[in-house]
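So you can see what is in the structure, the chains are spelled out below.
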Amino acid sequence: MIALVTGGARGIGKAIAQKLKADGLKIIIWDIVDEGSDIAKAIDALFMKVDIASFKDVTSAAKSTGDIDILINNAGINRDKLLLRMQEEDWDNVLNINLKGVFNCTRAFLPGMIKKKWGRIVNISSIIGIIGNRGQSNYAASKAGIIGFTKSIAKEVGIRNITCNTIAPGYIETEMTGQLTEEVKKAYIESIPLKRPGTPGEVADLVSFLISEKANYITGQTIHLDGGMVM
Ligand code: NAI
């Protein structure tokens, strides 16, 4: 079985690639940064430099990749600004990578899953897509969009034995959240009942469950992985 992880060069995507490799899957990593090739080497995976925001690049890369069984739409960025300071490119970059990227990759690999009458898609959203956040209107809109997309795909392809679920992580310690000020990190931790950030490995464990046979009857869901931050 082949699993493709977008944004697998670091952070949550890297942990997912490592976990799914340990589960016995063949791994393909798509990312735009070169570190992806080192990670891929370490776990005997295939690395391809692909910008998921480009429909054209994704379509041609998917042709050379061939069919896959499992797609993990993980790559994402943030460009946080209050709306009145937000530029058109801040909006477009975030929406193009976080939401259109999920469309591009799912569109490219779904036909192969339909042919096999089996497939697993896991999309990485965020609790910000559920509760919103000051300074993150672009990010929140993209992550909320993923949730609606997931439910629609689950309805479209359930009959083909393909499940599609969303994980909504809370505050996970990665390079993305490394940019937060100590004050913001402290405030997040205070709002988390478990009183700590989550780890990329904890997200990877949930992905591993959702693609396993134990989760055969779960589709269209948004599962919070946030230490109880949003309930
Ligand atoms: P990260 O910034 O550490 O890693 C993201 C990866 O995506 C990087 O390797 C980056 O090069 C890649 N990427 C960015 N643009 C790309 C593009 N156009 N094409 C292909 N790859 C691209 O981020 P992190 O923290 O690992 O986040 C992973 C996902 O989890 C993101 O979708 C993020 O929004 C989501 N998330 C993260 C949370 C956190 O607390 N870290 C919380 C909730 C959601």
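Coordinates for the structure precede this section.
Just so it is clear, the model here is predicted, and its values are computed rather than measured.

A.B. asks: Now, about the sheet that holds strand S2 (residues 26-31): what can you tell me, with residues and values included?
C.D. replies: If you walk across this open sheet you meet the seven strands as S3-S2-S1-S4-S5-S6-S7, and the pairing is parallel. The open sheet is flanked by strand S3 (46-49) and strand S7 (222-225), the only strands paired with a single partner. Going from strand to strand, the sheet's axes swing by 20 degrees on average, the running direction of each strand aside. With five bridges connecting them, strand S1 (residues 2-6) and S2 associate as parallel partners. Its bridge partner being in S2, isoleucine 2 is matched across the sheet by lysine 26.

A.B. asks: Please provide a residue-by-residue account of the state of the cysteines, values included.
C.D. replies: Tallying each qualifying case throughout the model produces zero disulfides. Note on cysteine 105: no disulfide assigned, nearest cysteine sulfur contributed by cysteine 164 at a separation of 12 Å. Residue classification places cysteine 105 among the buried positions, given a relative accessible area of 0%.

A.B. asks: Give a detailed account of the site of the ligand, specifying residues and quantitative values.
C.D. replies: In the neighbourhood of the ligand, 29 residues make up the surrounding shell, with Asp31, Asp51, Asn74, Tyr139 and Thr174 lying closest. In the model, an oxygen atom of the ligand is placed 2.7 Å from a nitrogen or oxygen of the asparagine 74 main chain. Secondary structure elements with two or more residues in the shell around the ligand: helix H1 (11-22), helix H6 (137-157) and helix H7 (175-178). When residues in the shell around the ligand are grouped by element, the largest group, three residues, is from H7. Across the shell around the ligand, the residue classes break down as 15 nonpolar, nine polar and five charged.

A.B. asks: Outline helix H4 (residues 88-116), listing residues and values.
C.D. replies: Taking 1.5 Å per residue as the helical rise, H4 with its 29 residues ought to reach 42 Å, and the 41 Å between its terminal C-alpha atoms agrees with that figure. Remark: the principal bend of H4, roughly 40 degrees, maps to lysine 100. Downstream of H4 by one or two residues, lysine 117 has phi in the positive range, about 55 degrees.

A.B. asks: Please give an account of the packing of aromatic side chains that cites residues and values.
C.D. replies: What characterises a pair of aromatic rings is the spacing of the ring centres plus the angle enclosed by the ring planes. Under the criterion given, the structure shown has three aromatic pairs. Here tryptophan 30 and phenylalanine 109 contribute two aromatic rings whose centre-to-centre distance is 5.5 Å and whose plane-to-plane angle is 50 degrees, an arrangement assigned as tilted. Of the two residues, tryptophan 30 is situated in strand S2 and phenylalanine 109 in helix H4; the sequence distance between them amounts to 79 residues. As far as burial versus exposure is concerned, tryptophan 30 and phenylalanine 109 are alike and both buried. Residues tyrosine 171 and tyrosine 188 carry aromatic rings whose centres are separated by 5.5 Å and whose planes lie at 40 degrees to one another, so their mutual orientation is tilted. Taken together, the residues span a long stretch of sequence, with tyrosine 171 in the loop between strand S6 (162-169) and H7 and tyrosine 188 in helix H8 (residues 182-190) at a distance of 17 residues. In this structure tyrosine 171 comes out as buried when scored by relative accessible area, which is 4%.

A.B. asks: Kindly report on the pairing of strand S4 (residues 70-73), identifying the contributing residues and their values.
C.D. replies: Consecutive side chains along a regular strand alternate between the two faces of the sheet. Side chains Ile70 and Ile72 of S4 all project onto a buried face; the interleaved residues Leu71 and Asn73 project onto the opposite face, where all are buried too. Strand direction decides the pairing type here: S1 and S4, joined by three bridges, are parallel. Note that in S4 the partner of leucine 4 across the bridge is leucine 71. Sheet topology note: the S4/strand S5 (residues 119-124) ladder contains four bridges and is parallel.

A.B. asks: If you had to explain the nonpolar core to someone new, which residues and values would you point to?
C.D. replies: Generally speaking, nonpolar side chains in soluble globular proteins are found buried as a group. Membership of the largest hydrophobic core comes to 33 residues, with the highest contact counts inside it found for Trp30, Leu71 and Ile121. When residues of this core are traced back to their parent elements, those giving at least two are S2, helix H3 (55-65), H4, H6 and S6. Per-element accounting of this core gives the leading share, eight residues, to H4. Those residues in contact with isoleucine 121 that sit more than four places away from it in its chain are Leu71, Asn73, Thr106, Leu110, Met113, Ile153, Ile162, Thr163, Cys164 and Asn165. Counting 29 residues, the second largest nonpolar core, distinct from the first, contains Ile39, Phe47, Val203 and Leu210.

A.B. asks: So what about the pattern of salt bridges? Which residues, and what values?
C.D. replies: Across all of its chains, the model carries eight salt bridges by this definition. We note a salt bridge from arginine 10 to glutamate 175, for which the minimum N-O separation is 3.4 Å. Pair noted here: arginine 10 is in the loop between S1 and H1 and glutamate 175 is in helix H7, with a separation of 165 residues, a long-range link. Classification of arginine 10 by relative accessible area gives partly exposed; the value is 40%. For the salt bridge of lysine 19 with aspartate 23, the shortest nitrogen-to-oxygen distance reads 3.4 Å. You can call lysine 19 partly exposed: its relative accessible area is 27%. For aspartate 23, a relative accessible area of 36% translates into the label partly exposed.

So, how was this worked out
Residues numbered from 1 in each chain as written. Predicted model: local features only at pLDDT ≥ 70, side-chain atom pairs only at ≥ 80, totals over all residues. Heavy atoms only, no water. Pairing = 2+ DSSP bridges. Helix = DSSP H or I, 4+ residues; strand = E, 2+ residues; numbered from the N terminus. Axes fitted to C-alpha atoms, helices over the stretch in contact; angles between N-to-C directions. Disulfide = S-S within 2.5 Å. Buried < 20%, exposed > 50% of the residue type's maximum accessible area, 1.4 Å probe, protein only. Near = heavy atom within 4 Å. Polar contact = N/O pair within 3.5 Å; in protein donor to acceptor, adjacent residues only side chain to side chain. Nonpolar A, V, L, I, M, F, W, Y, C, P; charged D, E, K, R; others polar. Expected span 1.5 Å × (residues − 1). Bend = angle between axes of the 7 residues up to and from the residue. Phe/Tyr/Trp six-rings, centres within 6.5 Å; stacked < 30°, edge-to-face > 60°. Core = buried A, V, L, I, M, F, W, Y, C linked by side-chain atoms within 4.5 Å. Contact = heavy atoms within 4.5 Å. Salt bridge = Lys/Arg side-chain N within 4 Å of Asp/Glu carboxyl O.

The values reported here are purely geometric and, on their own, carry no functional implication.
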